[in-house]
Structure formats: C-alpha cells, structure tokens
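# Structural overview
Each chain, written out:
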Protein chains: 2
Amino acid sequence: MTTHNDSVTEMSEAQAWELLSGTVFGRLAVSVDNQPEIFPLNVHVDDRTILLRTAEGTKLSSLAVNERVCFETDAFTSRVGWSVIAKGSAHILTGTDEIAEADQAPLRPWIPTLKTIYVRITVDEISGRRFTIGPEPDRVIS
Amino acid sequence: MTTHNDSVTEMSEAQAWELLSGTVFGRLAVSVDNQPEIFPLNVHVDDRTILLRTAEGTKLSSLAVNERVCFETDAFTSRVGWSVIAKGSAHILTGTDEIAEADQAPLRPWIPTLKTIYVRITVDEISGRRFTIGPEPDRVIS
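Residues numbered from 1 in each chain as written. Chains lettered and ligands numbered in written order. Predicted model: local features only at pLDDT ≥ 70, side-chain atom pairs only at ≥ 80, totals over all residues. Heavy atoms only, no water.

- By the naming in an unreviewed UniProt entry, chain A goes by Pyridoxamine 5'-phosphate oxidase family protein and is assigned to Gordonia liuliyuniae.

Printed below as a string of structure tokens:
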C-alpha cells in the first residue's frame with residue numbers, strides 16, 4: 001500500500017465566498033420532476049446573491065416550478081483545481097426597482113434577447129474544495 | 001432596435017458525441033428528494049457511456065437512490081464557447097469482469113482512495129450548443 005496525502009481540502013466559507021464573488025461563469029443545476037438539468041450561464045455575484053439573465057424558455061420555466069437551485073463554478077488544470085458550490089432559492093425579479101438595479105450589473109447573456117428576465121438566487125449554503133491529484137494508492141485486496 | 005445574429009448554434013448529435021468523447025472532466029448533476037446536487041469529476045467516455053470513479057459517501061449514495069443523472073462539460077473563453085449535456089442512467093459496477101474492464105480505463109480520481117467504486121452512465125440523450133457573445137439588442141419598451 002502506497003502512502004499518500006489526502007488531495008482534497010475543504011475551504012472556509014469566507015474563502016468560498018471570495019472565489020464565488022469573482023465568478024462570472026458557472027453552471028446552474030435545477031431539478032424538474034426529480035430529473036436534474038444543468039445550464040451553463042454567465043452570472044454576477046453581488047451581496048451574497050447570484051444574478052443571472054435569461055429569456056423565456058426551458059430554463060425559466062424550470063425555475064418557476066422549482067426554486068431550489070445549485071450553482072457550481074470551478075477552475076481546473078490537469079493536476080490542481082478548485083470548485084465552489086452554492087445552494088439557494090431562485091426568484092424572478094418583477095419589481096421596477098430591482099430590475100433597474102439588475103440592469104446596472106455587468107452581466108452579459110450568451111443569447112442576445114429582447115425579452116430579458118432576471119433571476120436572483122439567494123444563497124443559503126456555500127462550500128468549496130481545493131483538489132490536487134496525488135499518487136494513487138494500491139487497491140486493497142479484501 | 002439593434003440587429004444582431006443569434007449567438008447560439010445547436011450541434012448535431014454526432015458533433016456533441018465527438019466533443020463528449022474527448023472529455024476527461026465535467027460536472028454531474030443528481031437530484032436527491034427533488035434537490036439538485038452538482039459534483040465536479042473526472043470521467044472516461046467510452047462506447048456511448050461515461051465512466052467515473054468514486055468512494056463511499058454523498059455522491060455515491062445520491063446515485064444509489066436516484067439513477068437519473070445529467071452530465072455537463074464545456075469550454076469557454078470570454079467570447080466563444082461550447083457546452084455538451086448528456087443525460088442518462090447511472091449504475092454501480094458490481095461484476096468482476098466489468099470492474100476489471102473499468103480498471104483499464106485512463107481515469108484518475110481527485111481523491112486517492114482505497115475503496116474504489118465505479119459508476120457507469122448509459123447516455124440516452126445528448127445535446128450540444130456553441131455560443132458566441134454577440135452585440136446586445138436594445139430593450140423593447142412595451
């Protein structure tokens with residue numbers, strides 16, 4: 001059996017927030033009828049919330065029926081990396097003031113659209129991990 | 001109103017498979033009690049299946065109670081990118097022959113572990129999109 005160092009380190013919440021705050025791109029997972037869906041998208045992180053833009057369609061209708069979401073962002077090379085996962089509740093912005101505020105965010109959609117809908121995720125759980133590929137131990141024969 | 005080109009192109013399934021086949025890293029989304037979870041992980045894509053390794057824990061227990069999964073892999077710069085999403089059913093390998101075959105795959109886990117468990121996802125749905133950030137149209141005032 002080879003000795004090895006554990007290659008995964010849990011971050012503090014403060015570290016996870018720091019990395020999330022600098023993020024402009026990630027993936028949103030939503031459950032629809034207990035079936036997972038993933039959407040890659042641009043975001044703007046502000047005041048412990050994640051702001052995103054969308055147009056009418058699948059993504060939005062998913063959020064409308066199931067507000068619990070999981071957002072992931074990461075950076076990896078072949079040997080090291082980090083990943084931050086934020087869970088929270090998504091809601092569509094409907095108020096004039098909150099839409100005007102969202103309009104000021106440096107947020108670019110992948111799809112130019114005339115029908116902009118903003119969604120803000122209020123994060124209630126965040127975690128982050130750093131990864132290093134270590135040597136692989138021999139398999140235990142049992 | 002500014003004219004603009006649509007910045008999202010759907011790939012053919014063949015193109016999506018080609019990109020997926022070259023993938024060694026992505027994110028797996030699983031629904032547990034209709035709550036989405038995301039796991040970044042290394043994979044090996046072979047024969048229209050996605051092979052991954054894990055150890056006992058949350059990820060595995062999620063898969064055990066809910067085999068429907070959604071895998072996403074992507075590559076983005078600030079202006080262009082692509083994303084492939086594969087949906088399918090996950091099952092834990094238990095047979096001696098299938099484990100021996102999986103042992104031959106060029107698959108490295110992030111966490112060195114003595115207790116290797118292989119999971120193979122049989123893909124039954126794949127889609128892919130290419131993105132280009134285009135000019136943003138003016139908002140329609142209605």
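### Observations regarding the overall build of chain A
- Per the secondary structure count, chain A includes three helices and eight strands.
- Secondary structure elements of chain A, listed N to C terminal, follow the sequence β-α-β-β-β-β-α-β-β-α-β.
- Buried residues in chain A amount to 51% of all 142 residues.
- Here the analysis covers contacts within chain A between residues at least 6 apart in sequence; of these, 70% occur between residues at least 24 apart.
- When the accessible surface of chain A is summed, it comes to about 7100 Å², and 49% of that surface belongs to carbon and sulfur atoms. (Helix = DSSP H or I, 4+ residues; strand = E, 2+ residues; numbered from the N terminus. Buried < 20%, exposed > 50% of the residue type's maximum accessible area, 1.4 Å probe, protein only. Contact = heavy atoms within 4.5 Å. Areas by Shrake-Rupley, 256 points an atom, 1.4 Å probe, with all protein chains shown as cover.)

### Details of the pattern of salt bridges
- The final tally for this structure, using the stated rule, is 12 salt bridges over all chains.
- Put simply, Arg27 of chain A and Asp74 of chain B hold a salt bridge, and the shortest N to O gap is 2.9 Å. Highlighted residues: Arg27 of chain A in strand β2 (residues 25-32) and Asp74 of chain B in strand β6 (residues 68-76), drawn from two different chains.
- Salt bridges sharing partners connect three or more residues here, namely Arg27, Glu72 and Asp74 of chain A together with Arg27, Glu72 and Asp74 of chain B. (Salt bridge = Lys/Arg side-chain N within 4 Å of Asp/Glu carboxyl O.)

### Points about the environment of Val119 of chain B
- Note on placement: Val119 of chain B falls in strand β8 (residues 117-132).
- Residues Val119 of chain B and Thr54 of chain B, spaced 65 residues apart in sequence, show a C-alpha to C-alpha distance of 7.6 Å.

### As for the packing of aromatic side chains
- One pass over the full model with this rule turns up four aromatic pairs over all chains.
- A centroid spacing of 4.3 Å and a plane angle of 45° characterise the contact between Phe25 of chain A and Phe76 of chain B, whose relative ring orientation is tilted. Taken together, the residues Phe25 of chain A in strand β2 and Phe76 of chain B in strand β6 connect one chain to another.
- Taking relative accessible area as the criterion, Phe25 of chain A reaches 16% and is therefore assigned buried.
- Residues Phe76 of chain A and Phe131 of chain A carry aromatic rings whose centres are separated by 5.4 Å and whose planes lie at 40° to one another, so their mutual orientation is tilted. Here Phe76 of chain A, found in strand β6 (residues 68-76), pairs with Phe131 of chain A, found in strand β8 (residues 117-132); they are 55 residues apart in sequence, far enough to count as distant.
- The class of Phe131 of chain A is buried, set by a relative accessible area of 3%.
- Clustering of aromatic rings is evident, with ring pairs tying together Phe25 of chain A together with Phe76 and Phe131 of chain B. (Phe/Tyr/Trp six-rings, centres within 6.5 Å; stacked < 30°, edge-to-face > 60°.)

### What to know about the pairing of β8 of chain B
Residues and elements named next belong to chain B.
- Alignment of strand β1 (residues 8-10) against β8, held across three bridges, turns out to be antiparallel. Paired with Thr9 across the two strands is Arg130, which belongs to β8.
- Strand direction decides the pairing type here: strand β7 (residues 80-92) and β8, joined by 13 bridges, are antiparallel. Directly across from Gly88, in β8, lies its bridge partner Val123. (Pairing = 2+ DSSP bridges.)

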